[in-house]
Amino acid sequence: MDQIKEELRVEQLPSKSNNSIWKPDQSLMPIVVSETRSNFIDPKVVHQKYYNSFNYSKLPQEYKKMNLSLGVTSARSGEGKTHIAANLATSFAVGYKKKTVLVDLNIKNPSIHKIFDIDPNPGLTHTLKNREIQLTQSMHDQLYLLPIGDVNDYSLGLSDILAIRDLICTLEEQFDFIVVDMSPILPITEFPVLFANEVDGLITVVDSKTTKQSDMKEIFRHINEDQITGFVFNRMEPQS
């Protein structure tokens, strides 16, 4: 972590005196970090009883030695993927002191800005248009946020693939973990399959009460099994 800090060149932006910019020599995009931090996390969504469930030590050894980007998705909406993404990112940052950024890539139903009570703008859409990453730090020192931005009449297109790729590469230079809250896989017409290829793996959330076996079979018609890093079973009944 100290090595990462030494590589940063922190400057004051002349037009935004309350912001700082991280721009390592090899960075593909400048990263602007607002000095105005979030001081709120919705306790109904992010709570110790949830993020304490993730055990980083169980990851394969090869994943512990690299900066890792994970997309969090589910078969259909309402299965808790945003809940899992927010708690997974918090777990990495708080429980394991890993420098983590949580990215909102759920164009249809963005929620990260609501959970952390931050302005959604500028966010991901600003990055895609202007090739500049503007982050907000959460109340936890190691957790940063990239909300959705302005999604009015915005849809992801082929022209955004390179920007997404450069976004992930840039963040991997500065963070141990990048957690991307994605849209559900079904209906497939609304899932950014090509963008899912830009992360190292997908975490698929399975709602123990609502996810259908037929839906799980359906997603593998569109997503290669090798892309799935793991599954998280949500709303499991406690065992007696």
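In this text the structure is predicted, and so the values were computed from the model without any measurement.

**Observations regarding the nonpolar core**
In step 1: Ranked by internal contacts, the top residues of the largest apolar core, which has 38 residues, are L124 and L171.
In step 2: Broken down by element, the residue count for this core peaks at 6 residues, all from helix α7 (residues 161-174).
In step 3: The contacts of L171, once residues within four sequence positions are left out, are I31, V101, V103, I133 and I178.
In step 4: Core analysis: the next-biggest nonpolar cluster, separate from the first, contains 27 residues, L68, V72, I112 and V232 among them.

**A short note on helix α4 (residues 81-95)**
In step 1: With 15 residues, α4 extends 20 Å between its outermost C-alpha atoms, agreeing within 8% with the 21 Å of an ideal straight helix rising 1.5 Å per residue.
In step 2: A large share of α4 lies buried, amounting to 12 of its 15 residues.
In step 3: Within the span of α4, buried status applies to K81, T82, I84, A85, A86, N87, L88, A89, T90, S91, F92 and A93.
In step 4: At the C-terminal side of α4, K97 shows a positive phi close to 55°.

**Details of empty space enclosed by the protein**
In step 1: This structure, assessed with the given rule, holds 1 cavity of 30 Å³ or more.
In step 2: Put simply, the largest cavity is a space of about 60 Å³.
In step 3: Every residue lining the largest cavity is listed: V103, L105, L124, I164, L167, I168, V180, F195 and V199.
In step 4: Secondary-structure elements contributing two or more residues to the lining of the largest cavity are β5 (100-105) and α7.
In step 5: Ranked by the residues each element gives to the lining of the largest cavity, the list is headed by α7, at 3 residues.

**Structural notes on a nonpolar patch on the surface**
In step 1: A cluster of nonpolar residues, F220, F231, F233 and M236, forms a patch on the protein surface that exposes about 410 Å² of accessible area.
In step 2: Inspection of the secondary structure assignment puts F220 in the loop between α9 (213-219) and β10 (228-234).

**Here we look at the packing of aromatic side chains**
In step 1: Applying the stated criterion across every chain yields a total of 2 aromatic pairs.
In step 2: Ring plane angle 5° and centroid distance 3.8 Å describe the contact between F92 and F177, whose orientation is recorded as stacked. With F92 in helix α4 and F177 in strand β8 (residues 177-182), the pair connects residues that are 85 residues apart, well separated along the chain. Across the pair, exposure class does not vary: F92 and F177 are buried alike.
In step 3: Ring geometry for Y144 and F175: centres 5.4 Å apart, planes at 70°, overall edge-to-face. Here Y144 is found in strand β7 (residues 143-146), whereas its partner F175 is found in the loop between α7 and β8, with 31 residues between them in sequence. Considered together, Y144 and F175 belong to a single accessibility category, that of buried residues.
In step 4: A cation sits over an aromatic face here: K99 above F175, 5.4 Å from the ring centre.

**Regarding the environment of L146**
In step 1: Mapped onto the fold, L146 is located in strand β7.
In step 2: Residues L146 and V103 lie 43 residues apart in sequence; the distance between their C-alpha atoms is 4.7 Å.
In step 3: Contact partners of L146, with chain neighbours within four places excluded, come to V101, L102, V103, D104, G123, L124, T127, I133, Q134, L135 and L167.

**A look at the pairing of strand β3 (residues 31-34)**
In step 1: Along β3, one buried face is formed by I31 and V33 and the opposite face, lined by V32 and S34, is buried too.
In step 2: Pairing of β3 with strand β6 (residues 133-137), which is carried by 4 bridges, proceeds in the parallel orientation. Bridge pairing links I31 to I133 in β6.

**A look at unusual backbone geometry**
In step 1: Cis geometry marks the peptide bond from N121 to P122, where omega comes out at -10°.
In step 2: Tracing the backbone through its elements, the reader meets P122 in the loop between α5 (112-115) and α6 (124-130).
In step 3: Looking along the chain, the bond that leaves L186 and enters P187 is cis, with omega of 0°.
In step 4: Tracing the backbone shows P187 in the loop between β8 and α8 (193-196).
In step 5: Even without being a glycine, K97 presents a positive backbone phi close to 55°.
In step 6: Locating K97 in the fold gives a position in the loop between α4 and β5.
In step 7: A positive phi angle, near 55°, is found at R131, a position not held by glycine.

Cut-offs applied
Throughout, a residue's number is its position along its own chain's written sequence, starting from 1. Where totals are concerned, whole chains, interfaces and linings use all residues; where local detail is concerned, this predicted model gives features only for residues with pLDDT of at least 70, and gives and counts side-chain atom pairs only at 80 or more. The side-chain quantities take in all heavy atoms of the structure and omit both hydrogens and water. Side-chain atoms within 4.5 Å are what join buried Ala, Val, Leu, Ile, Met, Phe, Trp, Tyr and Cys residues into a set we call a nonpolar core. Residue exposure (1.4 Å probe, protein chains only): buried if accessible area is under 20% of the type maximum, exposed if over 50%, otherwise partly exposed. Only DSSP runs of H or I reaching four residues or more are called helices, and only runs of E reaching two or more are called strands; each is numbered from the N terminus. Here, two residues are considered to be in contact whenever any of their heavy atoms come within 4.5 Å of each other. Here the expected length of a helix is defined as 1.5 Å per residue gap, with one fewer gap than residues. Cavities and pockets were defined on a 1 Å grid built from protein atoms only: a cavity is a group of points that admits a 1.4 Å probe but offers it no way out, a pocket is an open group of points flanked by protein on both sides within 12 Å along at least five of seven lines, and a lining residue is one with an atom within 4 Å of any such point. Grid points are joined across faces, edges and corners, and a volume is the space filled by probe spheres set on the points. Residues enter patches when their relative accessible area tops 30% and they take part in no salt bridge; the joining distance is 9 Å for like charges and 5 Å for the nonpolar side chains Val, Leu, Ile, Met, Phe, Trp and Tyr. The protein chains shown are the only cover counted for residues, whose accessible areas, like all others here, come from Shrake-Rupley with a 1.4 Å probe. We define a salt bridge as a side-chain nitrogen of Lys or Arg found within 4 Å of a carboxyl oxygen belonging to Asp or Glu. Within 6.5 Å between ring centres, the rings of Phe, Tyr and Trp (the latter by its six-membered ring) count as paired, and their orientation is classed by plane angle as stacked under 30 degrees, edge-to-face over 60, tilted in between. In this analysis the charged atom, NZ for Lys or CZ for Arg, is taken to sit over a ring once it is within 6 Å of the ring centre and within 35 degrees of the ring normal. Pairing between strands is defined by DSSP: at least two bridges between them are needed.

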